[in-house]
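Results of the structural survey
So you can see what is in the structure, the chains are spelled out below.
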Amino acid sequence: MQILLERTPLDLLETDALIVLAFEGHKDGRFGASDLYDSGEITGKPLEMTLVHHAPGVRATRVLLAGAGKPEKFTSAELRKVAGAAVRFLKGKSVKRMALALDAGYSNGEFVRAAVEGAILGDYEPDVHKTDDDKKTVESFAVAVAGDNPGLETALDRGRIVAESQNFARGLVNEPSNLLTPLKLAAAARAMAAEFGLESEVLEVPDLKELGMGALLGVAQGSAEPPCLIVLRYRPGNPQGTAHLGLVGKGVTFDTGGISIKPADGMEKMKYDMAGGAAAIGAMRALAQLQPPIPVTAYVPAVENMPGSRAQRPGDIVTTMSGKTVEVLNTDAEGRLILADTLTYARRQGCTHLVDAATLTGSVVIALGHVNVGLFASDDAMRDRVLAASRAEGERMWPMPLEDDYKEYLKSAVADLPNIGGRWGGSITAAMFLKEFAGDTPWVHLDIAGTAWLDDPKPFLAKGPSGLPVRTMVHLAMNWKD
(Lines give C-alpha, C1' and ligand atoms only; values in the text may rest on other atoms or scores of the structure.)
Protein backbone atom coordinates (compact mmCIF):
# COMPACT_ATOMS: atom_id res chain seq x y z
CA MET A 1 0.00 0.00 0.00
CA GLN A 2 1.44 3.33 -1.08
CA ILE A 3 1.39 6.03 1.62
CA LEU A 4 1.05 9.65 0.52
CA LEU A 5 0.80 13.14 1.99
CA GLU A 6 -1.75 15.34 0.19
CA ARG A 7 -2.01 19.12 0.40
CA THR A 8 -4.59 19.37 -2.39
CA PRO A 9 -7.83 21.11 -1.30
CA LEU A 10 -10.48 18.53 -0.46
CA ASP A 11 -12.87 19.66 -3.17
CA LEU A 12 -10.19 19.04 -5.81
CA LEU A 13 -8.78 15.80 -4.40
CA GLU A 14 -9.39 12.90 -6.76
CA THR A 15 -9.71 9.59 -4.93
CA ASP A 16 -12.04 6.63 -4.70
CA ALA A 17 -13.02 7.54 -1.15
CA LEU A 18 -12.47 10.62 0.99
CA ILE A 19 -12.58 9.83 4.72
CA VAL A 20 -13.87 12.70 6.84
CA LEU A 21 -14.05 12.72 10.64
CA ALA A 22 -17.55 13.09 12.08
CA PHE A 23 -17.75 14.20 15.71
CA GLU A 24 -20.59 13.74 18.16
CA GLY A 25 -22.64 16.89 18.58
CA HIS A 26 -21.14 18.54 15.49
CA LYS A 27 -23.30 18.50 12.37
CA ASP A 28 -21.22 18.71 9.20
CA GLY A 29 -23.30 20.34 6.48
CA ARG A 30 -20.80 19.48 3.74
CA PHE A 31 -20.97 16.54 1.30
CA GLY A 32 -24.78 16.51 1.15
CA ALA A 33 -25.00 14.77 4.52
CA SER A 34 -27.30 17.22 6.33
CA ASP A 35 -30.34 14.96 6.00
CA LEU A 36 -28.34 12.02 7.37
CA TYR A 37 -27.44 14.02 10.46
CA ASP A 38 -31.01 15.24 10.86
CA SER A 39 -32.42 11.70 10.61
CA GLY A 40 -29.93 10.36 13.16
CA GLU A 41 -28.22 8.06 10.68
CA ILE A 42 -25.00 9.91 11.40
CA THR A 43 -24.29 10.51 15.09
CA GLY A 44 -20.50 10.74 15.14
CA LYS A 45 -20.16 7.91 17.67
CA PRO A 46 -16.75 6.21 17.65
CA LEU A 47 -16.09 4.00 14.60
CA GLU A 48 -19.56 4.56 13.08
CA MET A 49 -19.14 4.46 9.29
CA THR A 50 -21.54 6.15 6.83
CA LEU A 51 -20.76 6.04 3.12
CA VAL A 52 -22.07 8.78 0.81
CA HIS A 53 -21.85 8.21 -2.95
CA HIS A 54 -21.30 11.06 -5.41
CA ALA A 55 -21.27 13.69 -2.69
CA PRO A 56 -21.70 17.26 -4.00
CA GLY A 57 -18.77 19.66 -3.97
CA VAL A 58 -15.95 17.09 -4.19
CA ARG A 59 -14.27 15.09 -6.94
CA ALA A 60 -13.92 12.02 -4.74
CA THR A 61 -16.19 9.18 -5.88
CA ARG A 62 -17.34 8.54 -2.30
CA VAL A 63 -17.19 10.29 1.05
CA LEU A 64 -16.92 8.15 4.17
CA LEU A 65 -18.05 9.94 7.32
CA ALA A 66 -16.09 8.17 10.06
CA GLY A 67 -17.32 8.50 13.61
CA ALA A 68 -14.66 10.04 15.84
CA GLY A 69 -16.59 10.43 19.10
CA LYS A 70 -16.53 13.50 21.28
CA PRO A 71 -13.95 16.07 20.16
CA GLU A 72 -12.68 16.68 23.70
CA LYS A 73 -11.79 12.97 23.96
CA PHE A 74 -10.29 12.67 20.50
CA THR A 75 -6.58 11.80 20.64
CA SER A 76 -4.03 10.41 18.22
CA ALA A 77 -4.76 6.95 19.67
CA GLU A 78 -8.42 7.36 18.71
CA LEU A 79 -7.45 8.54 15.23
CA ARG A 80 -5.29 5.44 14.82
CA LYS A 81 -8.39 3.31 15.43
CA VAL A 82 -10.60 5.42 13.15
CA ALA A 83 -8.07 5.20 10.31
CA GLY A 84 -7.78 1.44 10.68
CA ALA A 85 -11.53 0.97 10.84
CA ALA A 86 -12.07 3.18 7.79
CA VAL A 87 -9.49 1.25 5.75
CA ARG A 88 -11.05 -2.08 6.69
CA PHE A 89 -14.56 -0.80 5.95
CA LEU A 90 -13.60 0.56 2.53
CA LYS A 91 -11.42 -2.40 1.60
CA GLY A 92 -14.43 -4.62 2.23
CA LYS A 93 -16.18 -2.63 -0.49
CA SER A 94 -13.25 -3.07 -2.91
CA VAL A 95 -12.11 0.56 -2.67
CA LYS A 96 -8.53 0.84 -3.93
CA ARG A 97 -7.55 4.48 -3.31
CA MET A 98 -8.52 6.45 -0.23
CA ALA A 99 -7.58 9.65 1.58
CA LEU A 100 -8.22 10.71 5.16
CA ALA A 101 -8.81 14.42 5.71
CA LEU A 102 -7.31 16.14 8.76
CA ASP A 103 -8.63 19.60 9.58
CA ALA A 104 -6.19 22.33 10.60
CA GLY A 105 -6.39 21.43 14.29
CA TYR A 106 -5.18 17.90 13.57
CA SER A 107 -2.74 18.57 10.72
CA ASN A 108 0.34 17.99 12.85
CA GLY A 109 2.99 15.29 13.07
CA GLU A 110 1.40 13.33 15.89
CA PHE A 111 -1.92 12.91 14.11
CA VAL A 112 -0.40 12.33 10.67
CA ARG A 113 1.75 9.53 12.10
CA ALA A 114 -1.22 7.97 13.90
CA ALA A 115 -3.35 8.06 10.74
CA VAL A 116 -0.66 6.27 8.75
CA GLU A 117 -0.10 3.67 11.46
CA GLY A 118 -3.81 3.00 11.77
CA ALA A 119 -4.21 2.57 8.02
CA ILE A 120 -1.29 0.16 7.62
CA LEU A 121 -2.23 -1.86 10.70
CA GLY A 122 -5.85 -1.99 9.57
CA ASP A 123 -4.84 -3.20 6.13
CA TYR A 124 -3.05 -6.28 7.54
CA GLU A 125 -4.76 -9.65 7.02
CA PRO A 126 -3.61 -13.01 8.43
CA ASP A 127 -4.52 -14.79 5.18
CA VAL A 128 -1.07 -15.21 3.65
CA HIS A 129 -1.54 -18.97 3.32
CA LYS A 130 -4.94 -18.75 1.62
CA THR A 131 -4.82 -19.55 -2.09
CA ASP A 132 -7.78 -17.40 -3.17
CA ASP A 133 -7.07 -15.16 -6.15
CA ASP A 134 -9.70 -12.57 -5.20
CA LYS A 135 -8.09 -11.07 -2.10
CA LYS A 136 -9.02 -7.44 -1.72
CA THR A 137 -6.13 -4.97 -1.65
CA VAL A 138 -5.66 -1.25 -1.10
CA GLU A 139 -3.39 0.52 -3.58
CA SER A 140 -2.90 3.83 -1.78
CA PHE A 141 -3.74 5.71 1.39
CA ALA A 142 -3.22 9.47 1.60
CA VAL A 143 -3.36 11.83 4.55
CA ALA A 144 -4.85 15.10 3.35
CA VAL A 145 -3.66 17.97 5.54
CA ALA A 146 -4.57 21.62 5.88
CA GLY A 147 -1.94 24.36 6.07
CA ASP A 148 1.83 24.22 5.62
CA ASN A 149 2.98 22.66 8.87
CA PRO A 150 6.62 21.55 8.57
CA GLY A 151 7.86 18.06 9.33
CA LEU A 152 4.77 16.19 8.18
CA GLU A 153 6.71 14.14 5.62
CA THR A 154 9.01 12.96 8.42
CA ALA A 155 6.01 12.04 10.56
CA LEU A 156 4.47 10.19 7.61
CA ASP A 157 7.67 8.18 7.08
CA ARG A 158 7.99 7.34 10.76
CA GLY A 159 4.40 6.14 10.91
CA ARG A 160 4.96 3.98 7.85
CA ILE A 161 8.20 2.47 9.21
CA VAL A 162 6.76 1.68 12.64
CA ALA A 163 3.50 0.22 11.32
CA GLU A 164 5.24 -1.88 8.68
CA SER A 165 7.55 -3.18 11.40
CA GLN A 166 4.60 -3.97 13.64
CA ASN A 167 3.02 -5.85 10.75
CA PHE A 168 6.32 -7.67 10.22
CA ALA A 169 6.08 -8.85 13.82
CA ARG A 170 2.44 -9.84 13.30
CA GLY A 171 3.45 -11.85 10.25
CA LEU A 172 6.01 -13.78 12.29
CA VAL A 173 3.47 -14.54 15.01
CA ASN A 174 0.93 -15.64 12.42
CA GLU A 175 3.24 -18.26 10.91
CA PRO A 176 2.37 -21.85 11.84
CA SER A 177 4.96 -23.64 13.91
CA ASN A 178 5.80 -26.17 11.20
CA LEU A 179 6.97 -23.23 9.05
CA LEU A 180 8.55 -21.19 11.84
CA THR A 181 10.80 -23.36 13.98
CA PRO A 182 13.38 -21.73 16.27
CA LEU A 183 16.08 -21.81 13.59
CA LYS A 184 13.68 -20.52 10.93
CA LEU A 185 12.76 -17.63 13.23
CA ALA A 186 16.49 -16.95 13.53
CA ALA A 187 16.85 -17.03 9.74
CA ALA A 188 14.01 -14.53 9.35
CA ALA A 189 15.62 -12.23 11.93
CA ARG A 190 19.00 -12.46 10.23
CA ALA A 191 17.51 -11.71 6.82
CA MET A 192 15.77 -8.65 8.24
CA ALA A 193 19.00 -7.53 9.93
CA ALA A 194 20.93 -7.84 6.68
CA GLU A 195 18.28 -5.83 4.82
CA PHE A 196 18.28 -2.94 7.30
CA GLY A 197 21.92 -2.86 8.42
CA LEU A 198 21.76 -4.43 11.88
CA GLU A 199 24.41 -6.68 13.37
CA SER A 200 23.10 -10.18 13.99
CA GLU A 201 24.28 -13.29 15.78
CA VAL A 202 22.63 -16.64 16.45
CA LEU A 203 23.90 -18.69 19.37
CA GLU A 204 23.22 -22.38 18.80
CA VAL A 205 23.34 -25.43 21.09
CA PRO A 206 27.15 -25.65 21.53
CA ASP A 207 27.26 -21.92 22.37
CA LEU A 208 24.37 -22.22 24.83
CA LYS A 209 26.06 -25.17 26.54
CA GLU A 210 29.34 -23.29 26.82
CA LEU A 211 27.51 -20.33 28.38
CA GLY A 212 25.83 -22.61 30.91
CA MET A 213 22.26 -21.83 29.86
CA GLY A 214 20.80 -24.88 31.57
CA ALA A 215 17.32 -23.38 31.98
CA LEU A 216 16.94 -22.59 28.28
CA LEU A 217 18.36 -25.93 27.19
CA GLY A 218 16.14 -27.78 29.66
CA VAL A 219 13.00 -26.37 28.06
CA ALA A 220 14.17 -27.30 24.57
CA GLN A 221 15.38 -30.84 25.25
CA GLY A 222 12.05 -32.52 24.50
CA SER A 223 11.91 -31.20 20.94
CA ALA A 224 13.60 -32.44 17.79
CA GLU A 225 13.97 -28.77 16.82
CA PRO A 226 17.17 -27.30 18.26
CA PRO A 227 16.95 -24.05 20.24
CA CYS A 228 18.92 -20.88 19.66
CA LEU A 229 19.40 -17.38 21.02
CA ILE A 230 18.88 -14.62 18.46
CA VAL A 231 20.84 -11.39 19.00
CA LEU A 232 20.24 -8.21 16.96
CA ARG A 233 22.39 -5.12 17.58
CA TYR A 234 21.90 -1.48 16.65
CA ARG A 235 24.81 0.89 17.26
CA PRO A 236 24.42 4.65 16.67
CA GLY A 237 27.32 6.44 15.02
CA ASN A 238 27.47 9.00 17.82
CA PRO A 239 25.81 7.52 20.92
CA GLN A 240 24.40 9.95 23.46
CA GLY A 241 24.90 9.17 27.13
CA THR A 242 25.81 5.83 28.64
CA ALA A 243 22.56 3.88 28.30
CA HIS A 244 22.39 0.59 26.43
CA LEU A 245 18.82 -0.65 26.09
CA GLY A 246 18.17 -4.38 25.94
CA LEU A 247 14.90 -5.70 24.47
CA VAL A 248 14.26 -9.31 25.48
CA GLY A 249 11.42 -11.27 23.87
CA LYS A 250 10.13 -14.73 24.67
CA GLY A 251 10.41 -16.91 21.57
CA VAL A 252 8.61 -20.20 22.19
CA THR A 253 7.66 -21.06 18.62
CA PHE A 254 5.22 -23.69 19.88
CA ASP A 255 4.21 -24.53 23.43
CA THR A 256 2.48 -27.80 24.17
CA GLY A 257 3.18 -27.30 27.86
CA GLY A 258 5.66 -30.16 27.75
CA ILE A 259 4.99 -33.04 30.16
CA SER A 260 2.56 -30.70 32.00
CA ILE A 261 0.63 -30.72 28.76
CA LYS A 262 -2.01 -28.13 27.93
CA PRO A 263 -5.66 -28.96 27.13
CA ALA A 264 -6.32 -29.62 23.44
CA ASP A 265 -8.87 -26.80 23.21
CA GLY A 266 -7.11 -23.73 21.85
CA MET A 267 -3.66 -25.31 21.68
CA GLU A 268 -3.39 -24.32 18.02
CA LYS A 269 -2.93 -20.73 19.16
CA MET A 270 0.28 -21.65 20.95
CA LYS A 271 2.19 -20.64 17.85
CA TYR A 272 1.72 -17.13 19.29
CA ASP A 273 3.93 -17.94 22.30
CA MET A 274 6.78 -16.20 20.49
CA ALA A 275 4.89 -12.91 20.20
CA GLY A 276 7.26 -11.17 22.62
CA GLY A 277 10.23 -12.24 20.54
CA ALA A 278 8.51 -11.13 17.35
CA ALA A 279 7.83 -7.72 18.92
CA ALA A 280 11.50 -7.30 19.81
CA ILE A 281 12.52 -8.24 16.27
CA GLY A 282 9.90 -5.90 14.79
CA ALA A 283 11.04 -3.06 17.03
CA MET A 284 14.63 -3.55 15.85
CA ARG A 285 13.45 -3.40 12.23
CA ALA A 286 11.98 0.04 12.91
CA LEU A 287 14.91 1.27 15.00
CA ALA A 288 17.42 0.34 12.30
CA GLN A 289 15.66 2.84 10.02
CA LEU A 290 14.81 5.52 12.59
CA GLN A 291 18.23 5.46 14.29
CA PRO A 292 17.71 6.29 17.98
CA PRO A 293 20.47 8.07 19.94
CA ILE A 294 21.38 5.06 22.11
CA PRO A 295 22.55 1.51 21.39
CA VAL A 296 19.78 -1.08 21.45
CA THR A 297 20.18 -4.85 21.41
CA ALA A 298 17.42 -7.44 21.10
CA TYR A 299 17.72 -10.92 22.59
CA VAL A 300 15.22 -13.61 21.59
CA PRO A 301 15.57 -17.11 23.09
CA ALA A 302 13.84 -19.39 20.57
CA VAL A 303 12.71 -22.89 21.58
CA GLU A 304 9.95 -25.43 21.13
CA ASN A 305 8.38 -26.89 24.27
CA MET A 306 7.45 -30.48 23.45
CA PRO A 307 6.62 -33.66 25.43
CA GLY A 308 9.18 -35.93 23.77
CA SER A 309 11.01 -38.87 25.33
CA ARG A 310 13.85 -36.57 26.35
CA ALA A 311 11.54 -33.85 27.68
CA GLN A 312 12.12 -32.06 30.93
CA ARG A 313 10.11 -33.59 33.78
CA PRO A 314 8.34 -32.00 36.75
CA GLY A 315 10.79 -32.25 39.62
CA ASP A 316 13.91 -31.76 37.49
CA ILE A 317 16.49 -29.25 38.71
CA VAL A 318 18.31 -27.05 36.22
CA THR A 319 21.26 -24.71 36.71
CA THR A 320 20.82 -21.31 35.09
CA MET A 321 23.53 -19.22 33.49
CA SER A 322 23.58 -17.08 36.65
CA GLY A 323 24.46 -20.14 38.75
CA LYS A 324 21.10 -20.21 40.52
CA THR A 325 19.31 -23.56 40.56
CA VAL A 326 15.64 -23.95 39.69
CA GLU A 327 13.26 -26.78 40.57
CA VAL A 328 10.92 -27.30 37.62
CA LEU A 329 7.54 -27.91 39.22
CA ASN A 330 5.57 -27.34 36.02
CA THR A 331 7.01 -27.68 32.53
CA ASP A 332 4.34 -25.33 31.19
CA ALA A 333 6.01 -22.47 33.06
CA GLU A 334 8.79 -22.56 30.49
CA GLY A 335 8.89 -18.95 29.34
CA ARG A 336 10.39 -17.68 32.58
CA LEU A 337 13.12 -20.32 32.33
CA ILE A 338 14.36 -19.24 28.92
CA LEU A 339 14.03 -15.57 29.89
CA ALA A 340 16.05 -16.16 33.07
CA ASP A 341 19.14 -17.19 31.11
CA THR A 342 18.58 -14.49 28.50
CA LEU A 343 18.28 -11.68 31.05
CA THR A 344 21.55 -12.85 32.61
CA TYR A 345 23.21 -12.87 29.19
CA ALA A 346 21.89 -9.40 28.30
CA ARG A 347 23.25 -7.97 31.55
CA ARG A 348 26.66 -9.52 30.95
CA GLN A 349 26.64 -8.10 27.43
CA GLY A 350 26.51 -4.61 28.92
CA CYS A 351 22.83 -3.66 28.81
CA THR A 352 22.16 -0.94 31.37
CA HIS A 353 18.36 -1.07 31.07
CA LEU A 354 16.12 -4.01 30.18
CA VAL A 355 12.58 -4.49 28.88
CA ASP A 356 11.23 -7.96 28.31
CA ALA A 357 7.97 -8.86 26.58
CA ALA A 358 6.43 -12.29 26.98
CA THR A 359 3.17 -14.17 26.65
CA LEU A 360 3.97 -15.41 30.11
CA THR A 361 0.90 -16.20 32.21
CA GLY A 362 -2.80 -16.91 31.99
CA SER A 363 -3.05 -15.18 35.35
CA VAL A 364 -2.51 -11.77 33.79
CA VAL A 365 -5.53 -12.37 31.57
CA ILE A 366 -7.62 -13.13 34.66
CA ALA A 367 -6.41 -9.89 36.23
CA LEU A 368 -6.54 -7.50 33.26
CA GLY A 369 -8.53 -9.25 30.56
CA HIS A 370 -7.57 -8.57 26.95
CA VAL A 371 -7.33 -4.81 27.41
CA ASN A 372 -4.12 -3.95 29.29
CA VAL A 373 -0.61 -5.34 29.26
CA GLY A 374 0.57 -6.22 32.75
CA LEU A 375 3.64 -4.10 33.55
CA PHE A 376 6.07 -5.10 36.32
CA ALA A 377 9.14 -3.06 37.19
CA SER A 378 12.12 -3.28 39.48
CA ASP A 379 12.79 0.44 39.16
CA ASP A 380 10.28 3.32 39.42
CA ALA A 381 12.08 5.53 36.89
CA MET A 382 12.21 2.73 34.34
CA ARG A 383 8.54 1.95 34.99
CA ASP A 384 7.63 5.56 34.33
CA ARG A 385 9.67 5.65 31.11
CA VAL A 386 7.87 2.63 29.70
CA LEU A 387 4.43 3.82 30.84
CA ALA A 388 5.00 7.20 29.21
CA ALA A 389 6.02 5.48 25.96
CA SER A 390 2.98 3.20 26.04
CA ARG A 391 0.59 6.08 26.64
CA ALA A 392 2.12 8.08 23.81
CA GLU A 393 1.63 5.13 21.48
CA GLY A 394 -1.84 4.06 22.58
CA GLU A 395 -0.68 0.65 23.83
CA ARG A 396 -2.43 0.32 27.17
CA MET A 397 -0.44 -1.00 30.13
CA TRP A 398 -1.23 -1.29 33.81
CA PRO A 399 1.45 -1.26 36.54
CA MET A 400 1.27 -4.34 38.75
CA PRO A 401 2.82 -4.85 42.22
CA LEU A 402 6.25 -6.40 42.63
CA GLU A 403 6.82 -6.15 46.35
CA ASP A 404 9.34 -8.37 48.11
CA ASP A 405 6.60 -10.06 50.13
CA TYR A 406 5.55 -11.93 46.98
CA LYS A 407 8.87 -13.76 47.00
CA GLU A 408 7.51 -15.80 49.90
CA TYR A 409 5.43 -17.69 47.33
CA LEU A 410 8.63 -18.89 45.64
CA LYS A 411 10.08 -21.48 48.00
CA SER A 412 11.82 -24.74 47.17
CA ALA A 413 13.30 -27.26 49.59
CA VAL A 414 15.70 -28.62 46.98
CA ALA A 415 16.78 -25.67 44.82
CA ASP A 416 17.25 -21.92 45.00
CA LEU A 417 13.88 -21.28 43.33
CA PRO A 418 10.88 -23.18 42.00
CA ASN A 419 9.66 -22.12 38.57
CA ILE A 420 6.12 -21.51 39.86
CA GLY A 421 4.55 -20.18 43.05
CA GLY A 422 1.25 -21.29 44.48
CA ARG A 423 -2.21 -20.64 43.15
CA TRP A 424 -2.33 -16.95 44.05
CA GLY A 425 -0.84 -14.03 42.15
CA GLY A 426 0.51 -16.14 39.32
CA SER A 427 1.54 -13.27 37.05
CA ILE A 428 3.25 -11.55 40.00
CA THR A 429 5.21 -14.61 41.13
CA ALA A 430 6.29 -15.16 37.51
CA ALA A 431 7.59 -11.60 37.43
CA MET A 432 9.25 -12.10 40.83
CA PHE A 433 11.04 -15.12 39.38
CA LEU A 434 12.36 -13.02 36.48
CA LYS A 435 13.40 -10.24 38.83
CA GLU A 436 15.92 -12.63 40.41
CA PHE A 437 17.77 -12.69 37.09
CA ALA A 438 17.40 -9.00 36.20
CA GLY A 439 19.40 -8.25 39.35
CA ASP A 440 20.09 -4.59 40.01
CA THR A 441 19.66 -3.58 36.35
CA PRO A 442 16.62 -1.31 35.86
CA TRP A 443 14.12 -3.69 34.31
CA VAL A 444 10.51 -3.82 33.13
CA HIS A 445 8.60 -7.00 32.37
CA LEU A 446 5.59 -6.81 30.05
CA ASP A 447 3.19 -9.75 30.30
CA ILE A 448 1.38 -9.63 26.96
CA ALA A 449 -0.46 -12.96 27.25
CA GLY A 450 -3.85 -11.25 27.08
CA THR A 451 -3.06 -8.65 24.43
CA ALA A 452 -0.74 -10.28 21.86
CA TRP A 453 -3.57 -12.15 20.13
CA LEU A 454 -7.12 -11.11 19.19
CA ASP A 455 -9.58 -13.98 19.30
CA ASP A 456 -12.12 -11.82 17.48
CA PRO A 457 -11.53 -9.06 14.93
CA LYS A 458 -11.82 -5.41 15.88
CA PRO A 459 -13.22 -2.85 13.47
CA PHE A 460 -9.65 -1.54 13.12
CA LEU A 461 -7.62 -4.79 13.41
CA ALA A 462 -7.93 -8.26 11.96
CA LYS A 463 -8.32 -11.34 14.10
CA GLY A 464 -4.98 -12.80 15.15
CA PRO A 465 -1.68 -11.20 16.22
CA SER A 466 -1.79 -7.61 17.45
CA GLY A 467 1.92 -6.76 17.24
CA LEU A 468 2.08 -5.30 20.76
CA PRO A 469 4.32 -3.80 22.13
CA VAL A 470 6.39 -2.81 19.08
CA ARG A 471 5.36 0.85 19.18
CA THR A 472 6.15 1.21 22.89
CA MET A 473 9.60 -0.31 22.43
CA VAL A 474 10.35 1.99 19.50
CA HIS A 475 9.10 5.10 21.31
CA LEU A 476 11.16 4.22 24.39
CA ALA A 477 14.38 4.03 22.40
CA MET A 478 13.70 7.01 20.14
CA ASN A 479 12.90 9.35 23.05
CA TRP A 480 15.55 8.15 25.48
CA LYS A 481 17.19 10.81 27.61
CA ASP A 482 19.71 10.03 30.37
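In this numbering scheme, every chain counts its residues from 1 along its sequence in written order. In view of the model being predicted, local features appear only for residues whose pLDDT reaches at least 70, and side-chain atom pairs are presented and counted only at 80 or more, with totals across whole chains, interfaces and linings using the full set of residues. Side-chain figures throughout are based on the complete set of non-hydrogen atoms in the structure, without hydrogens or water.

1. Focus on the overall build of the protein
Rule in force here: A helix here means a DSSP run of H or I that spans at least four residues, while a strand means a run of E at least two residues long, and both kinds are numbered starting from the N terminus. To get the radius of gyration, use the C-alpha atoms; to get the globule rule, take the number of residues to the power 0.38 and multiply by 2.2 Å. Exposed residues in this analysis have more than 50% of their type's maximum accessible area, buried residues have under 20%, and partly exposed residues fall in between, with area computed by a 1.4 Å probe over protein chains only. We get accessible surface area from the Shrake-Rupley algorithm with a probe of 1.4 Å; when it comes to residues, only the shown protein chains can shield them. The sign given to each residue is positive for Lys and Arg and negative for Asp and Glu; His and the chain ends receive no count. The atom standing in for a charge is NZ when the residue is Lys, CZ when it is Arg, CG when it is Asp and CD when it is Glu.
Per the secondary structure count, the protein includes 13 helices and 20 strands. For 482 residues, the compact-globule estimate of 2.2 N^0.38 gives 23 Å, and the C-alpha radius of gyration of the protein, at 24 Å, lies within 12% of that figure. By the burial criterion, 58% of the 482 residues in the protein qualify as buried. If you sum the accessible surface of the protein, you get close to 19,100 Å²; carbon and sulfur atoms cover 48% of it. Averaged over its 50 positive side-chain charges, the protein has a centre that lies 1 Å from the centre of its 61 negative ones.

2. Details of the nonpolar core
Short version of the rule: What we call a nonpolar core is a set of buried Ala, Val, Leu, Ile, Met, Phe, Trp, Tyr and Cys residues that are connected through their side-chain atoms within 4.5 Å. Should any heavy atoms of two residues lie within 4.5 Å, those residues are counted as being in contact.
Ranked by size, the top nonpolar core spans 111 residues in total, and within it Leu245, Leu247 and Leu446 carry the most contacts. Top contributing element to this core by residue count: helix H8 (residues 275-290), with 11 residues. Contact partners of leucine 245, with chain neighbours within four places excluded, come to Ile294, Pro295, Val296, Thr297, Cys351, His353, Val355, Met382, Leu476, Ala477 and Trp480. Core analysis: the second largest hydrophobic core is formed by 40 residues, Leu21, Val95, Val143 and Leu152 among them.

3. With respect to unusual backbone geometry
The general pattern is negative phi for most residues beyond glycine and trans for most peptide bonds. Following leucine 468, the chain continues to proline 469 via a peptide bond in cis, the omega torsion being -5°. By the secondary structure assignment, proline 469 is in the loop between strand S20 (464-465) and helix H13 (470-478). Positive phi, close to 70°, is recorded for leucine 47, a residue that is not glycine. With respect to the helices, strands and loops of the structure, leucine 47 is situated in the loop between helix H1 (34-39) and strand S3 (49-53). A positive phi angle, close to 60°, is found at glutamine 291, a residue other than glycine. Checked against the element boundaries, glutamine 291 lands in the loop between H8 and strand S11 (296-305).

4. Some details on the sheet that holds strand S13 (residues 325-327)
Filter applied, for reference: When DSSP finds two or more bridges between two strands, those strands count as paired.
In space, the 3 strands of this open sheet follow the order S12-S13-S17, with mixed pairing throughout. The two strands at the open ends of the sheet, each matched to only one other strand, are strand S12 (317-319) and strand S17 (417-418).

5. Regarding the sheet that holds strand S1 (residues 2-6)
Defined as follows: As a rule, the C-alpha atoms of each element are fitted with a line to give its axis, helices using only the stretch in contact, and angles between N-to-C directions run from 0 to 180 degrees.
Taken in spatial order, the 6 strands make up an open sheet running S1-S6-S5-S2-S4-S3, and their pairing is mixed. Each edge of the open sheet carries a strand with a single partner, namely S1 and S3. The sheet shows a mean angle of 25° between the axes of neighbouring strands, direction not considered. Relative to strand S6 (residues 140-145), S1 is paired through 5 bridges, and the arrangement is parallel. In the strand pairing of S6, isoleucine 3 is matched with phenylalanine 141.

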